[in-house]
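Chain residues, written in single-letter form:
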Amino acid sequence: MAQPSNNSPANIASASSRLSIDTARLYRDAIGVEGVGQSEIEALLPQLRSVHQTLIEGSAGGLEAEYACLTLHDTMPDSLAQIEAMAEPIRGFENIAFIGIGGSSLGAKAVHQALDSQDSSLPRLHFLENIDPRRLDRLLRNWTAEKTAVIAISKSGGTIETVIQLLIVRAWLEKQLGSDEARYHQWLITDPVQGWLRELARREGISSLPVPPRVGGRFSVLTAVGLLPLAITGVDIRRLLAGSAANAARCASDDLRENPALEMAVLFYLLDIKHNKRVSIMMPYADPLQLFGDWYRQLWAESLGKRMETLPDKPPAGTLPVRAMGAVDQHSQLQMYLESRHDKIFTFMAVDDWGTNLPIPVSSADKKHFPYLEGKRMLDVLEAEFRATVQVISETGHPNMTLRLPRLDAHVLGQLIDLYQRTTVYAGLLYGINPLDQPAVEKGKKLAIQNLSGGR
Ligand code: PA5
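None of the values given here were measured: they were computed from a predicted structure.

Once that is clear, we can look at the sheet that holds strand 10 (residues 400–407). The strand order across the open sheet formed by 5 strands is 1-10-9-7-8, and the pairing between neighbours is mixed. Since the sheet does not close on itself, it has two edges, and those belong to strand 1 (20–22) and strand 8 (320–323), each with one partner. Averaged over all pairs of adjacent strands, the angle between strand axes in this sheet comes to 15°, irrespective of strand direction. With respect to the sheet, helix 17 (residues 378–395) is in contact with strand 9 (344–353) and strand 10, its orientation differing from that of strand 9 by roughly 160°. Where helix 18 (residues 410–431) meets the sheet, its contacts fall on strand 1, strand 7 (279–284), strand 9 and strand 10, and the angle it forms with strand 10 comes to roughly 150°.

Right, let's get into the domain arrangement of the protein chain. Entries for the protein chain in the domain assignment read domain 1 (9–56 + 253–438) and domain 2 (69–240). Distance from the C-alpha centre of domain 1 to the C-alpha centre of domain 2: 30 Å. Note on domain 1 versus domain 2: buried area summed over both sides is about 2100 Å², and carbon and sulfur give 65% of it. Across the domain 1-domain 2 interface, the total number found is 1 salt bridge. For the pair domain 1 and domain 2, the interface holds 11 residue pairs in polar contact (both at pLDDT 80 or more). For the side of domain 1 that touches domain 2, the secondary structure elements donating two or more residues are helix 14 (290–304) and helix 18. Broken down by element, the residue count for the side of domain 1 that touches domain 2 peaks at 10 residues, all from helix 18.

Its place among the elements puts arginine 198 in helix 10 (residues 196–204). Aspartate 191 provides the closest opposite charge to the buried, unpaired arginine 198, separated from it by 5.9 Å. Residues in contact with arginine 198, not counting those within four places in the same chain, are Thr190, Asp191, Pro192, Val193, Ser208, Leu209 and Pro210.

Let us now look at the site of the ligand. In the vicinity of the ligand lie 13 residues, with Ser104, Ser154, Ser156, Thr159 and Gln298 positioned nearest. For the ligand, an oxygen atom lies 2.9 Å from a polar atom in the backbone of glycine 103. Within the backbone of lysine 155, one N or O atom sits 2.8 Å away from an oxygen atom of the ligand. Here the ligand loses 92% of its free accessible area of 390 Å² to cover by the protein chains.

Two side chains that carry opposite charge are able to pair once their charged atoms sit near each other. Throughout the structure, instances matching the rule amount to 28 salt bridges. The salt bridge partner of arginine 278 is aspartate 272, with a shortest N-O separation of 2.5 Å. Note on arginine 278: relative accessible area 40%, which makes it partly exposed. Looking at aspartate 272, the relative accessible area reads 3%, which means it is buried.

So, on to helix 13 (residues 260–273). If you check helix 13, its first and last C-alpha atoms are 20 Å apart, about what 14 residues at 1.5 Å a residue would give, namely 20 Å. With respect to burial, helix 13 is a largely interior element, 13 of its 14 residues being buried. The opening residue of helix 13, the one whose side-chain oxygen lies 3.2 Å from the backbone nitrogen of alanine 261, is asparagine 259.

Another point: the sheet that holds strand 3 (residues 124–128). A sheet is described by the order of its strands in space; here 5 strands give the open sequence 3-2-4-5-6, paired in parallel fashion. Of all the strands in the sheet, the pair left with one neighbour each is strand 3 and strand 6 (207–210). Here the strands of the sheet are splayed against their neighbours by 15° on average, with no regard to which way each runs. Inspection of the sheet shows strand 2 (residues 95–99) paired to strand 3 by 5 bridges, in the parallel sense. Within strand 3, the residue paired with phenylalanine 98 across the bridge is phenylalanine 127. Lying over the sheet, helix 5 (residues 80–90) contacts strand 2, strand 4 (148–154), strand 5 (186–190) and strand 6, oriented at roughly 145° with respect to strand 6. Against the sheet, helix 8 (residues 160–177) engages strand 2, strand 3, strand 4 and strand 5, with an angle of about 155° to strand 4.

A separate point is the nonpolar core. Ile83, Ile151, Leu228, Phe292, Trp295 and Tyr420 are the most contacted members of the largest nonpolar core, which totals 96 residues. For this core, the leading source of residues is helix 18, giving 13 residues. Split by domain, this core shows at least three residues from each of two domains, domain 1 (9–56 + 253–438) and domain 2 (69–240). For isoleucine 83, the residues in contact, after removing those within four places along its chain, are Met76, Leu209, Ala224, Leu227, Leu228, Ala231 and Ile237. Counting residues in hydrophobic clusters, the runner-up holds 21 residues, among them Ala145, Leu188, Ala201 and Ile206.

Glancing now at the environment of phenylalanine 348. Along the polypeptide, phenylalanine 348 turns up in strand 9. For the pair phenylalanine 348 and glutamate 204, spaced 144 residues apart in the sequence, the C-alpha separation amounts to 48 Å. Dropping the residues within four chain positions of it, phenylalanine 348 is found in contact with Met283, Tyr285, Phe386, Thr389, Val390, Ile393, Asn400, Met401, Thr402 and Leu403.

Attention now moves to the packing of aromatic side chains. Any pair of aromatic rings gets described here by the distance separating the centres and the angle formed by the planes. With the rule as written, the count across this model stands at 14 aromatic pairs. Centre to centre, the rings of tyrosine 285 and phenylalanine 386 are 5.3 Å apart; their planes meet at 80°, and the pair counts as edge-to-face. One end of the pair, tyrosine 285, is in the loop between strand 7 and helix 14; the other, phenylalanine 386, is in helix 17, with 101 residues separating them in the sequence. The exposure class assigned to phenylalanine 386 is buried, which follows from its relative accessible area of 5%. Considering the side-chain rings of phenylalanine 348 and phenylalanine 386, the 6.3 Å spacing of their centres and the 90° angle between planes classify their relative orientation as edge-to-face. Placement of phenylalanine 348 in strand 9 and of phenylalanine 386 in helix 17 is noted, with a sequence separation of 38 residues between them. Both residues of the pair, phenylalanine 348 and phenylalanine 386, count as buried.

Analysis parameters
- Residues numbered from 1 in each chain as written.
- Predicted model: local features only at pLDDT ≥ 70, side-chain atom pairs only at ≥ 80, totals over all residues.
- Heavy atoms only, no water.
- Pairing = 2+ DSSP bridges.
- Helix = DSSP H or I, 4+ residues; strand = E, 2+ residues; numbered from the N terminus.
- Axes fitted to C-alpha atoms, helices over the stretch in contact; angles between N-to-C directions.
- Contact = heavy atoms within 4.5 Å.
- Domains from an automatic or database assignment.
- Buried area = accessible area lost by both parts, 1.4 Å probe.
- Salt bridge = Lys/Arg side-chain N within 4 Å of Asp/Glu carboxyl O.
- Polar contact = N/O pair within 3.5 Å; in protein donor to acceptor, adjacent residues only side chain to side chain.
- Buried < 20%, exposed > 50% of the residue type's maximum accessible area, 1.4 Å probe, protein only.
- Lys, Arg positive; Asp, Glu negative; His and termini not counted.
- Near = heavy atom within 4 Å.
- Areas by Shrake-Rupley, 256 points an atom, 1.4 Å probe, with all protein chains shown as cover.
- Expected span 1.5 Å × (residues − 1).
- Core = buried A, V, L, I, M, F, W, Y, C linked by side-chain atoms within 4.5 Å.
- Phe/Tyr/Trp six-rings, centres within 6.5 Å; stacked < 30°, edge-to-face > 60°.

See the structure below:
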């Protein structure tokens, strides 16, 4: 059978929806002494093969696997019909409150913001993450109980910020509607067996969906944790998973020239431990990716900010993730980026096709002030600013890379999610730490409860 040529429609379609990943300026060849040298990579080749093998073995076994978070595009499709069926009636409410924090909120919020269709026929969405009595009080005053749905999301089923907000909203629903009816305004996403939320679902017969036990909070956006909220908001969750699958296939090799997640992990690892780069700045030139930066910040910090227990003096691992925004931060942090310490790695992000662009009307009277704006559109200006920042950061010798998104759609977001989750797991393996646990976070949760119990 004839093989499809490189120009076949299938190839053109997949190439045009592919995330472009340019890591060249993280290397010494392009950026100078602060970049990673080929010899540093070569010295690590056996270790790279070994971490790749660990990841492959740890991903086998579906939802039971250690790295079950990296194969959700294979394991979740069986549950999609149930998720979509659950989303359908919820969309009929006027207001929907998603109660959850950290990994139980950030992924859905990020993808929703990136893909927000601004469809006025959809319900109003409220992500109740932090404790904010003023906001919740105002919302409850404005909502009508009959037209309000509540979706509480917590893997453990007992995170205090989520618990108290659900208790308050439940009491409000019950007061307005009676406890029988209030049950039909609530949905729960939690562990399939244990925790308070699971007990509540059983006790009151509240509709619920499970979080796969092996998938941790910050890696759970491609489970019901992210997929139910996103299905409600009209995101094509099948395309999201297809994007994740496409990136996983792109990262199948143990050759880092063909596996961008492995390459990014090793470059960021070497820049930290050999080049003293302690800060990793994600700077999208696109407002819709602001919350993606927050999602990345949690994923990277909570997974990698640990001590390397395997080494004698247990040195700390991880680069501090910082989210910036172009072009706004050119008028804010850029000064520091350029002239302060050389302890930073930059990831710039740009979107090729926004689906819209606005011409800049320059009258003949204004032309003498802005001759360079004649015939230009808004995105020409954003692109010029993006290029200027990349240029000046590179000329200053800071290692940096660029991710170009062909457009903001579910497939591209799925690729990005898999790319970062995979890179994070590889980086954890290179540091010799467990990227899936969060002992310091758990300690904070316990101490808060101790304080509430009067220090006992
Ligand atoms: O990544 C993690 O495990 C954490 O950030 C959790 O997502 C966060 O603490 C919320 O936990 P839970 O889903 O159990 O309410």
